[in-house]
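If you want the building blocks of each chain, they are given just below.
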Amino acid sequence: MAKLGSKKRPIIVRVHSDEKAKYVADKCAENGWHYLIGFEPDVPEDISDLEKLLNPPEPLVSQKIGRNDSCPCGSGKKYKKCCG
């Protein structure tokens, strides 16, 4: 699957006003993203694709659990005797 904002998978947004369309176009031009803007006054605005690229989710960090550490499930037992 192509990366969001690329030529094969552009950012797709729906806006109601020229100001919002200009904002989207400026942000995409700054970052070199490809985009499609639709003016649809009957449908709610949707700029979620742009927001995904401007605010990417932080990656999950797994936590190393030792055999003799307390179990993360909250039972109070050691990990090796509980969920390990």
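Here's a quick rundown of the structure.

Procedures and definitions
- Residues numbered from 1 in each chain as written.
- Predicted model: local features only at pLDDT ≥ 70, side-chain atom pairs only at ≥ 80, totals over all residues.
- Heavy atoms only, no water.
- Salt bridge = Lys/Arg side-chain N within 4 Å of Asp/Glu carboxyl O.
- Helix = DSSP H or I, 4+ residues; strand = E, 2+ residues; numbered from the N terminus.
- Buried < 20%, exposed > 50% of the residue type's maximum accessible area, 1.4 Å probe, protein only.

A closer look at the pattern of salt bridges
Item 1. Within this structure, the stated rule accounts for 2 salt bridges.
Item 2. A salt bridge links Asp26 to Lys22; the shortest N-O distance between them is 3.2 Å. Placement of both Asp26 and Lys22 in helix H1 (residues 18-31) is noted, with a separation of 4 residues, approximately one turn of the helix.
Item 3. For Lys22, a relative accessible area of 53% translates into the label exposed.
Item 4. Of the charged contacts, one joins Asp49 and Lys52 as a salt bridge, the two residues approaching to 4.0 Å between their closest N and O atoms. Of this pair, Asp49 and Lys52 are both found in helix H2 (residues 48-54), 3 residues apart, which corresponds to roughly one turn of the helix.
Item 5. Residue classification places Lys52 among the partly exposed positions, given a relative accessible area of 48%.

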